[in-house]
Amino acid sequence: MPALSPAARDRLKMPKSIAFIDDLLSRMTLAEKIGQLNLVTPGGETLTGTVVNTDVADKIKTGRIGAIFGVKSAEAVRVFQDLAAQSRLKIPLMFAEDVIHGQKTIFPLPLALAASWDMKLVEETARIAAVEASSIGIDQVYAPMVDVCREPRWGRIAESPGEDPVLASRYAEAMVRGFQGSDLSAPTSVMACLKHYVGYGGAVGGRDYDAVDMSPATLHDIYLPPFAAGVKAGAGSVMAAFNTLNGTPMHANATLIQRVLRQGLGFRGLVVADYTGVQELIAHAVAGDKAEAARLALKAGVDCDMVAEAYLDTLGASVAAGLIDEAEIDAACRRVLEAKADLGLFDDPYHRITWGRATQSVLTEANRAVARQAVAAASVLLKNEHDLLPLGKKGRIALIGALADDRVNMNGTWAVSGSPSTVVPILEGLREAAAGAAEILHAKGANIVDDRVLAARLNVHDWKDLSVVIDDRTAEEMLAEAVDLAGQSDVVVAVVGEAREYSGESSSRIDLLIPEPQKKLIRALKAVGKPLVVVVMTGRPLALTEEAELADALLVAWFGGTEIGHGLADVLFGAQSPTGRLPATFPYAVGQVPVTYAHLPTGRPFPGRFQKFTSGYVDMPDEVPHNDGLFPFGFGLTYAPVAYGPPRVDKVALAGDDDRLTVSVSVTNMGKRPTAEVVQLYVHDLKASVSRPVKQLKGFSKVALEPGESAEVSFTLLAGDLAFSVATSVDDLTRIREAGDYDIHVGRSSRDTQHVRISWN
Ligand code: BGC
């Protein structure tokens, strides 16, 4: 039978698919329908091997499992699928996996990919991930995560596209396109899953899984847009979030799932629970037991129950007791079957793995080349005194730091199928690039962290390869060795930062500093007096205030993945210019967060007329804006200065909803190296019925510029771009556009812009 995306099927009103599913549903028992809603991870040996534990095998053979996630090999996928073929109706299983920033070829973290502001590249990484994942039989990926986040204490900001709804929306679309391709039933396509619906990035205190409290307007204007964009791009599935939103847990939030997502945004696909999220309704204290939790979640619109087996264990009895209607189970089951049909599984349940065996699609040279290119595209240069970077390939370079010769941390968080053994460490990449020209000396210098309790926590997910290894030597011995090497060298490159599990799920932090042993190392290296480059590996915005003082050059390399060694060598020696821009504000200090460039004006802005009674901090210096970070959203230097002409508009007076504004600017590479400039367009609504943010990103374009080259960059602004939500509740919403004056800003970061004023009536 033909398989199309939900959107395409809707357009064509495809009777054949509907008839097929109607017929199948009519032949299913209630137990079989409930079985399709059961989503499990079998765990342990069975993930890669071929021995399935008998409980799981029995459940598959009797139609009590609809989908499995976390299976790591084509062989294992085949074994599970063979079991499904023994079930009465032979409904194929659907296989899912967390393919967050690559399958085997690991790309920089999602936050880093967003920092590239290059949506073609983002799409390409998702396409490669889809090809690699599908080759072992993965049908669905639990990505992209599109949670907007303005709270860097939250570890999952590493998986997010950052603080801005427009950047996050473009990222969501690019990821969905890359994963799903043009035909979801193709053997190289995988179904995207937008997660975590919704508001998860707004947890109080930055604590994972904690409550979220926000106004309906904030929800609609900041947190929902990337989901809307991903749905529009055709995403086949959505995952519910762990948090409560204004008191209602998302797994029980019928208003947000049924009314806002399905009716409002027109989402027709599958909603899956997050890991034990259904059962957690008991811990949230809105359900008394598993049966009630299951009923609440099903009624809210959660189709598949992940891991908890609350649906499997209780829904049958709830139907028998008349507490839920079988039609509600039918609706959820239909969506599971539709997803399987869209993925082509009814035509051939093995078509993805069969294809995978026929070609060697994993970790190819071409895939690695994209990962390598992504490192430069995502790296953000924050400081470069006297053009210290790029380094010449000459003399002696002291490469210092535990992370400089490391494979285990480089993939960062959520690289569940990536292997440290395929990573090119930074030391190796630099030595290869400098071979025969410069000598690279290396010393560890400091442990990532010295605290053994913290180290144990950071190592908790690492079964074989520890990400934090505490050296047998004393801190003083390590420091002395590094200082000695620095003294013998012409330039020092310190690679410092977080361990991979310092950010990611349940990895929130109460401070945003580079861990103290490495801070001491930087201070000691600075005291040597040689030019100092500090490279920061991180999964979140850090407060780099001291490092920005001490370093001559400061580069944020995030966690760069498989090709970090080659990619970073390209950047440090100038084969590539670092062209990333911050996708989230880097604060001056942790006490500033949450912080965003897109804040509202206050009645007493800092610095102000009444120096004391202004909206600022008494213990923060005046040079840094107190309501914005040390390094603002959109900021990043490159190796070539780019000059901006004045922004130009095609008209200054506009009227009506159909009018459109063209904004243009010319940019010129004034340097001697090729670069790419991220031209950013912001809008400021000067006066409205409610306070509006001081700036809001509305468009961006990354343009490659050869030395001396100029480019004309144009943006089209529609009336809808000026609209905002007025809402009394999350599902009672009006979007309005008010007549008035607007400043249209164009520039190289949220802080460094030029503007023209227009009126739009
Ligand atoms: C995470 C999800 C993930 C799921 C399955 C959960 O803990 O929140 O993002 O997809 O596990 O691994």
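Note that the structure is a prediction, hence the values are computed from the model and not measured.

Student: Got a sec to walk through empty space enclosed by the protein? Specific residues and values, please.
Tutor: For the structure shown, the criterion picks out five cavities of 30 Å³ or more. Lining the largest cavity are 13 residues, and of these Q36, I60, G63, S87 and I91 lie nearest its centre. Quantified by volume, the second largest cavity comes out at close to 50 Å³. Taken together, V683, H684, D685, R692, Q696, K698, D721, L722, A723, F724 and Y742 form the lining of the second largest cavity. Per element, the largest residue contribution to the lining of the second largest cavity is three residues, and it comes from strand β21 (residues 675-685). Along the lines of polarity and charge, the residues of the lining of the second largest cavity split into five nonpolar, two polar and four charged.

Student: So what's going on with the site of the ligand? Which residues, and what values?
Tutor: The immediate surroundings of the ligand are formed by F69, D98, Y142, R156, K195, H196, M239, F242, D274, Y275, W414 and E505. R156 has a polar side-chain atom sitting 2.7 Å from an oxygen atom of the ligand. Contact distances for the ligand include 2.6 Å between an oxygen atom and a side-chain N or O atom of D274. Look at the ligand: alone it shows 310 Å² of surface, and the protein chains cover 93% of it.

Student: Quick rundown of unusual backbone geometry? Include the residues and the values.
Tutor: The omega torsion across A143 and P144 is 5 degrees, close enough to zero to call that bond cis. Relative to the assigned elements, P144 resides in the loop between β4 (140-141) and α8 (165-180). With an omega dihedral of -5 degrees, the bond running from L389 to P390 counts as a cis peptide bond. Among the secondary structure elements, P390 is positioned in the loop between β11 (380-384) and β12 (396-400). Positioned with a positive phi, K90 is a non-glycine residue whose angle comes to about 55 degrees. Secondary-structure assignment places K90 in the loop between α5 (74-85) and β3 (94-97).

Student: I'd like a description of the layout of surface pockets, backed by residues and values.
Tutor: Quantified by volume, the second largest pocket comes out at close to 1,200 Å³. Along its surface, the second largest pocket is lined by 46 residues, and H220, D221, I222, P225 and R735 are the ones closest to its centre. Counting residues per element, the ones that place at least two in the lining of the second largest pocket are α8, α9 (216-223), α10 (225-232), α11 (254-264), β22 (696-705), β24 (724-729) and β25 (732-736). The class makeup of the residues in the lining of the second largest pocket is 22 nonpolar, twelve polar and twelve charged.

Student: Just give me the short version of the sheet that holds strand β26 (residues 740-747), but keep the residues and values in it.
Tutor: Read across the sheet, five strands follow the order β19-β27-β26-β21-β22 without closing on themselves; strand pairing throughout is mixed. This sheet does not close on itself; its edge strands, each paired only once, are β19 (653-654) and β22. The sheet contact formed by β21 and β26 spans six bridges and is antiparallel. Considered in β26, the bridge of Q680 is made with G747.

Student: Pulling in residues and values, what's your account of the side chain of T413?
Tutor: Here T413 lies in the loop between β12 and α18 (426-434). Among the residues examined, T413 registers a relative accessible area of 4% and is labelled buried. Aside from chain neighbours lying at most four places away, what touches T413 is H101, L109, A158, R500, E501, S503, G504 and E505.

Student: Summarise the packing of helix α4 (residues 54-61) against α5; cite the residues concerned and give the values.
Tutor: Closest axis-to-axis distance for the α4/α5 pair is 7 Å, and the angle between their directions is 45 degrees. With respect to their mutual orientation, α4 and α5 come out oblique. At the point where α4 passes α5, the crossing takes the right-handed sense. Between α4, through V56, A57, I60 and K61, and α5, the contact on the second element is made entirely by F80, L83 and A84. Here the residues of the contact of α4 with α5 are counted per class, giving six nonpolar, no polar and one charged.

Student: Tell me about the sheet that holds β4, residues and numbers included.
Tutor: In any sheet, the strands associate via hydrogen bonds between backbone groups, in a parallel or an antiparallel arrangement. If you walk across this open sheet you meet the five strands as β4-β3-β2-β1-β10, and the pairing is parallel. Where the open sheet ends on each side, the last strands, each with one partner, are β4 and β10 (305-306).

Student: Run through α9, naming residues and quoting values.
Tutor: Along α9, six of the eight residues are buried, which leaves the element largely enclosed by surrounding structure. Along α9, the positions that sit buried rather than exposed are P216, L219, H220, D221, I222 and Y223. Of the surrounding secondary structure, the elements contacted by the buried residues of α9 are α8, α10, β7 (244-245), α11, β24 and β25.

Student: Could you give an account of the packing of aromatic side chains, with specific residues and numbers?
Tutor: A full pass over the atoms with the stated rule returns 14 aromatic pairs. Ring geometry for F20 and F346: centres 5.0 Å apart, planes at 65 degrees, overall edge-to-face. Of this pair, F20 sits in helix α2 (residues 15-27) while F346 sits in the loop between α15 (326-342) and α16 (351-358); the two residues are 326 residues apart in sequence, bridging distant segments of the chain. For F20, a relative accessible area of 28% translates into the label partly exposed. A centroid spacing of 5.4 Å and a plane angle of 75 degrees characterise the contact between Y597 and Y682, whose relative ring orientation is edge-to-face. With Y597 in the loop between α23 (564-573) and β17 (642-644) and Y682 in strand β21, this residue pair connects regions lying 85 residues apart in the sequence. Each member of the pair, Y597 as well as Y682, carries the same accessibility label: buried. Taken together, the ring pairs connect W117, Y597, F633, Y682 and F700 into an aromatic cluster. One cation-aromatic arrangement involves K195 over W414; the distance from NZ or CZ to the ring centre is 5.5 Å. Above the plane of the ring of Y502 lies R509, whose end atom (NZ or CZ) is 4.1 Å from the centre.

Student: If you had to explain the packing of helix α7 (residues 119-134) against helix α17 (residues 365-378) to someone new, which residues and values would you point to?
Tutor: Closest axis-to-axis distance for the α7/α17 pair is 11 Å, and the angle between their directions is 150 degrees. Pair α7 / α17 crosses with left-handed handedness. On α17, the residues that touch L121, E124, T125, I128 and E132 of α7 are N367, V370, Q373, A374 and A377. Looking at the contact of α7 with α17 residue by residue, the class counts come to five nonpolar, three polar and two charged.

Student: Can you break down the environment of R581 residue by residue, with the values?
Tutor: Here R581 is to be found in the loop between α23 and β17. Measuring from C-alpha to C-alpha, the distance between R581 and S116 comes to 6.5 Å, with 465 residues separating the pair along the chain. There is a polar contact of 3.3 Å between the side chain of R581 and the backbone oxygen of T579.

Student: Account for the pairing of strand β6 (residues 237-240), naming residues and giving values.
Tutor: Because side chains alternate across β6, one face comprises the buried residues S237 and M239, and the other comprises V238 and A240, equally buried. Bridge count between strand β5 (residues 193-197) and β6: three bridges; the pairing is parallel. Considered in β6, the bridge of C193 is made with S237. The pairing of β6 with strand β9 (residues 270-272) spans three bridges and is parallel. Its bridge partner lying in β9, V238 is registered against V271.

Student: How would you sum up the pattern of salt bridges? Please name residues and give values.
Tutor: What the rule picks out here adds up to 44 salt bridges. Among the salt bridges present, the one from E173 reaches R170, with a minimum N-O distance of 3.1 Å. Highlighted residues: E173 and R170, both in helix α8, separated by three residues, approximately one helical turn. Here R170 falls in the partly exposed class, since its relative accessible area comes to 32%.

Reading guide: rules and limits
Residues numbered from 1 in each chain as written. Predicted model: local features only at pLDDT ≥ 70, side-chain atom pairs only at ≥ 80, totals over all residues. Heavy atoms only, no water. 1 Å grid on protein atoms, 1.4 Å probe; cavity = no way out; pocket = protein on both sides within 12 Å on 5 of 7 lines; lining within 4 Å. Points joined across faces, edges and corners; volume = space filled by probe spheres on them. Helix = DSSP H or I, 4+ residues; strand = E, 2+ residues; numbered from the N terminus. Nonpolar A, V, L, I, M, F, W, Y, C, P; charged D, E, K, R; others polar. Near = heavy atom within 4 Å. Polar contact = N/O pair within 3.5 Å; in protein donor to acceptor, adjacent residues only side chain to side chain. Areas by Shrake-Rupley, 256 points an atom, 1.4 Å probe, with all protein chains shown as cover. Pairing = 2+ DSSP bridges. Buried < 20%, exposed > 50% of the residue type's maximum accessible area, 1.4 Å probe, protein only. Contact = heavy atoms within 4.5 Å. Axes fitted to C-alpha atoms, helices over the stretch in contact; angles between N-to-C directions. Parallel < 35°, antiparallel > 145°, perpendicular 65-115°, else oblique. Left-handed = near helix turned anticlockwise from the far one by under 90°. Phe/Tyr/Trp six-rings, centres within 6.5 Å; stacked < 30°, edge-to-face > 60°. Lys NZ or Arg CZ within 6 Å of the ring centre and 35° of its normal. Salt bridge = Lys/Arg side-chain N within 4 Å of Asp/Glu carboxyl O.

Worth remembering: the numbers are spatial, not functional.
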